[in-house]
Amino acid sequence: MKLKDQLIGLMQASDYAPLDKKGISTELGLDKKSRRRLDYELRALLASGDVIRIKGDRFCIPKDVDLVTGRIKFRQKGSAILIPDPSPDGEEQPKIEINAEDTAVAMHDDRVVVRLYDSAPTNRRRPSRKPNRYQPTGPFGRVIRIQERARETIVGELCKTRFFHYVAPDDPRHIHDIYVPDPQKSGLDPAPTVGSKVVVKLHEWTQRHVNPEGELILNLGRTHEPQAELMAILHKYDLDPEFPKPVLAEAKSISPKVTKKQLQGRRDLRSAFTFTIDPEDAKDFDDALSIEYPDKRSVRIGIHIADVASYVSPGAKLDEEAKRRGNSTYLVGLVVPMLPHALSNGICSLVENEDRLTKSVFVTFTNGGRIKEIDFANTVIRSDKRLTYQQAYTLLKRDDLKAARELKLPPAHQTGSTGRALNKLSDKELQRLQDSVRLLWRFAAKLRNERFKKGSLNLDMEETKIFVDEHGHADRLEKVVHDESHQLIEEYMLLANESVAREMKRNRLPCVYRVHEEPDEEKLNELREFMATWDIATGDLNNRKDMVKLLEALVKHPQGRLLRTHVLRSLKKANYRPSPDGHYGLAKNDYTHFTSPIRRYSDLVVHRVFERFLVAVRGEPKLAGAATRYDAARAATIAEHLSHTEINSVEAERESIKVKLLEFFERELDKRRPTIFDAIVTETRNHGMFIELTESNAFGMIHISSIKDDLYRLNASGTALIGRRTKNQFKIGQTIQVVVHKVDRFKRQVDFKLAERKPSKSKRPEKPTKKAKARRRNR
């Protein structure tokens, strides 16, 4: 038995009394070698929260002394919840409510130790006259110790009172201002001034009644300027668009063209008709599709993925940096790539008219759309055309080729490659493209229908895409609909991922899999109760068929987007694992990530295992440095690391979207003639109504005080605001017209008000007002 398991077993015993290190060693009868190992194992168990140290340097399981370890998550008003560490057997523990006065010197996302209360604590403040709609039911606890600070630095705005300077954190969940010395003595050049976006290094904080202190270490620029806001996000999430010099030197040494030597041992598909379909603003191109006709009764679709493994060798500087980053991060207006530009936008990117090395999955269909055969190979391709989703959709839906020719190319500053304009193609080329896109969709539609019949969940939701101008300012919002052009690519990528995962599992090759666990029964019961408040019958959501029916019903519901978000929150998050534990959302037993090695390190790992499969199992020629052997322990370590880097990137991307949305709506305030937005009322409260803009899916609120024509009250069912005199109503699901009223950058909230009249929806730029100019000068 491993020493870790021995320790857990000892402390879980019913007759165990907390022991110090020496006592544990004696109790377990450890020899000299094992005693040296004991230090390491105890530190690891303390870090994971499985074990806690109490007075007298004794160790025990936290729950035995009414203690819980985990990460603390603050709310804006000061209270918090503790996300407990999983128990040693992997079971999730209930969240712990922590009142604001019981948070001690904890900060958002710190690892802390919490002592549980036997019952809900009494509120030590004067009771409020206002009823509290949110009344936590516990369990409750109090922070007694900080195990580990989440951050050593915090980003915020430099402010000044009459007597001292302080930094107001950007993240409103950091509820304490941080006192700092006079910025003129900080040694920074230029020295920060009031209104600067700065980075402060925290000093040790031990007394709750005194604000935390720190020192200024970076001046990022003026608050709310695009570059300063971008730098703040990069610093907060430890993202760096630049690469270390040794990494760049290694990337520079790689030939920018495919060499003859690299063609050896590969199938040559450069004559096969091949193209890519990607977003308008895509910076790199991971995947391409080709079509071949082996005989009159079948069609072979090639799914070609950039062969990054042929350029990034295990253990090289490029590899270590890519592994550290884990994945590319897509902020609004900026990509923080996993690989240097020479690879991500150069030799690895499947751009038009260039030879590129790929790893390919070949799927042979009958003319009726049934899969006959799946094959795998190392290949070389040459893409004939780079299509955007809009171009592919037009070719798919419009018979007239003129409609496709009229589409404009994406702006060069927004994409890694524009490709040739469709109006530059001959009729023959364009017709071939249209026939190919339609053929691919015919098979993809069949794959999609079969996938949903097997119980795959339709979790596709419209997204808001923010485009920036050449100066980095939020320029326009656009709703991205997951239409057939997106679905086409999705189905072939899912098919490739599943096919590769199945072979890795069948041949017992240690690998990294993409796993989505089945949801907890308790969470699904809570979801059922929530849906009942909307008069939506759900059946038993533990039954996949009932979950599918619920999602189908929500597609047509007026608040479908809001309710589908609640469904997503009830499901577990997908992550990386060394074991093929299946994917609940996709209803697949075998699944991995294979199709995006330029932007995900997990896919690069899978490519290396895939190469070993080709050589050892399929007898393909060995390519230099591409095949790598991973054991289960190494795969587990990589999987855990990549799950963390993915979460970090997702949070950075969300914050980037929030910041740019606020910037976009703040610029609306500068217009002489405000833009009118169509919106849907999604929720009504006694203080106003929440709305969702129909064109962009952005959310906001209309405060009841801004509605001037009457005094409005919430009806008994809570579904409408009704005017006392006019009896005018604003109901959930109603479409209204609004304009931007207020933008609070700190709280990250946008308030709207009802549009009084309908001005022109002209898209022409307008001259700023005198107030707008003054506001800009004061930023």
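Residues numbered from 1 in each chain as written. Predicted model: local features only at pLDDT ≥ 70, side-chain atom pairs only at ≥ 80, totals over all residues. Heavy atoms only, no water.

Each helix and strand counted, the protein chain has 17 helices and 33 strands in total. In terms of C-alpha radius of gyration, the protein chain reaches 29 Å, essentially the compact-globule figure of 28 Å for 779 residues. Within the protein chain, the fraction of its 779 residues that count as buried is 49%. Sequence separation of 24 or more characterises 67% of the internal contacts of the protein chain that already satisfy a separation of 6 or more. Within the protein chain, the 113 negative side-chain charges are centred at a point lying 3 Å from the centre of the 140 positive side-chain charges. (Helix = DSSP H or I, 4+ residues; strand = E, 2+ residues; numbered from the N terminus. Rg over C-alpha atoms; globule rule 2.2 N^0.38 Å. Buried < 20%, exposed > 50% of the residue type's maximum accessible area, 1.4 Å probe, protein only. Contact = heavy atoms within 4.5 Å. Lys, Arg positive; Asp, Glu negative; His and termini not counted. Charge placed at Lys NZ, Arg CZ, Asp CG, Glu CD.)

Backbone torsion omega between Asp189 and Pro190 reads 0 degrees, so that peptide bond is classified as cis. Here Pro190 is to be found in the loop between β10 (178-180) and β11 (196-202). The phi torsion at Asp57 lies on the positive side, around 55 degrees, for a residue other than glycine. Its location among the elements puts Asp57 in the loop between β1 (52-54) and β2 (58-60). Its identity is not glycine, yet Ala587 carries a phi of approximately 55 degrees, on the positive side.

This part covers the packing of helix α6 (residues 317-325) against helix α15 (residues 601-616). Where α6 meets α15, the closest approach of the two axes is 9 Å, and the angle between their N-to-C directions is 130 degrees. In terms of orientation, α6 and α15 fall into the oblique class. Contacts between α6 and α15 involve Asp319, Ala322 and Lys323 on the former and, on the latter, Tyr601, Leu604 and Arg608. Taken together, the residues that form the contact of α6 with α15 break down as three nonpolar, no polar and three charged. (Axes fitted to C-alpha atoms, helices over the stretch in contact; angles between N-to-C directions. Parallel < 35°, antiparallel > 145°, perpendicular 65-115°, else oblique. Nonpolar A, V, L, I, M, F, W, Y, C, P; charged D, E, K, R; others polar.)

Pairs can form between side chains of opposite charge once their charged atoms are near each other. On inspection of all chains with the given rule, the structure shows 56 salt bridges. As a salt-bridge pair, Arg149 and Asp110 come within 2.6 Å of each other at their nearest N and O atoms. Note that Arg149 is positioned in the loop between β7 (141-148) and β8 (153-160) and Asp110 in the loop between β5 (96-98) and β6 (111-116), a separation of 39 residues in sequence. For Arg149, a relative accessible area of 28% puts it in the partly exposed group. A salt bridge links Asp375 to Arg618; the nearest nitrogen and oxygen atoms lie 2.7 Å apart. In this pair, Asp375 is assigned in strand β20 (residues 371-382) and Arg618 in the loop between α15 and α16 (632-669), connecting sequence segments 243 residues apart. When salt bridges that share partners are traced, they join Asp171, Arg173, Lys236, Glu655 and Arg748 into one network. (Salt bridge = Lys/Arg side-chain N within 4 Å of Asp/Glu carboxyl O.)

In total, this model carries three cavities of 30 Å³ or more according to the counting rule given. Of the volumes computed, that of the largest cavity is approximately 120 Å³. Lining of the largest cavity is provided by 14 residues; of these, Val155, Asp170, Asp171, Lys236 and Glu655 occupy positions nearest its centre. At the level of secondary structure, the elements contributing two or more residues to the lining of the largest cavity comprise β8, α4 (226-236) and α16. Sort the elements by how many residues they give to the lining of the largest cavity and α4 lands first, with four residues. Residues that form the lining of the largest cavity fall into these classes: five nonpolar, two polar and seven charged. Considered as a void within the structure, the second largest cavity measures approximately 60 Å³ in volume. Along the walls of the second largest cavity sit Phe74, Ala106, Met107, His108, Ile154, Arg173, His174, Ile175, His176, Ile178 and Pro212, which together make up its complete lining. Tallied by class, residues from the lining of the second largest cavity come to seven nonpolar, three polar and one charged. (1 Å grid on protein atoms, 1.4 Å probe; cavity = no way out; pocket = protein on both sides within 12 Å on 5 of 7 lines; lining within 4 Å. Points joined across faces, edges and corners; volume = space filled by probe spheres on them.)

What follows concerns the pairing of strand β32 (residues 735-744). Within a regular strand, the side chains alternate between the two sheet faces. One ladder, built from four bridges, connects strand β26 (residues 677-685) with β32; its direction is antiparallel. If you follow Asp678 over to β32, its bridge partner there is Gln737. Across six bridges, the pairing between β32 and strand β33 (residues 749-754) is antiparallel. Directly across from Val738, in β33, lies its bridge partner Leu754. Two successive antiparallel strands, β32 and β33, enclose a turn made up of four residues, where Arg748 displays a positive phi of approximately 60 degrees. (Pairing = 2+ DSSP bridges.)

Turning our attention to the sheet that holds β6. Taken together, five strands build an open sheet; the order of strands is β5-β4-β3-β6-β7 and the sheet is antiparallel. Single-partner strands in this sheet number two, and they are β5 and β7. Between one strand axis and the next, the sheet turns by 40 degrees as a mean value, whatever way the strands run. Relative to strand β4 (residues 80-84), strand β3 (residues 67-74) runs antiparallel, the two sharing five bridges.

Glancing now at the packing of aromatic side chains. Taken as a whole and assessed by the stated rule, the structure comprises 12 aromatic pairs. Pairing Phe164 with Tyr179 gives two aromatic rings, centres 4.7 Å apart and planes at 55 degrees, and the pair type is tilted. Of the two residues, Phe164 is situated in the loop between β8 and β9 (165-169) and Tyr179 in strand β10; the sequence distance between them amounts to 15 residues. Judged by relative accessible area, Phe164 falls into the partly exposed class, the value being 34%. Assessed through its relative accessible area of 29%, Tyr179 is described here as partly exposed. Of the aromatic side chains, those joined through ring pairs into one cluster are Phe376, Phe594, Phe610 and Phe613. One cation-aromatic arrangement involves Arg451 over Phe452; the distance from NZ or CZ to the ring centre is 4.8 Å. The ring of Tyr584 has Arg544 sitting right over it, with the charged end atom 4.5 Å from the ring centre. (Phe/Tyr/Trp six-rings, centres within 6.5 Å; stacked < 30°, edge-to-face > 60°. Lys NZ or Arg CZ within 6 Å of the ring centre and 35° of its normal.)

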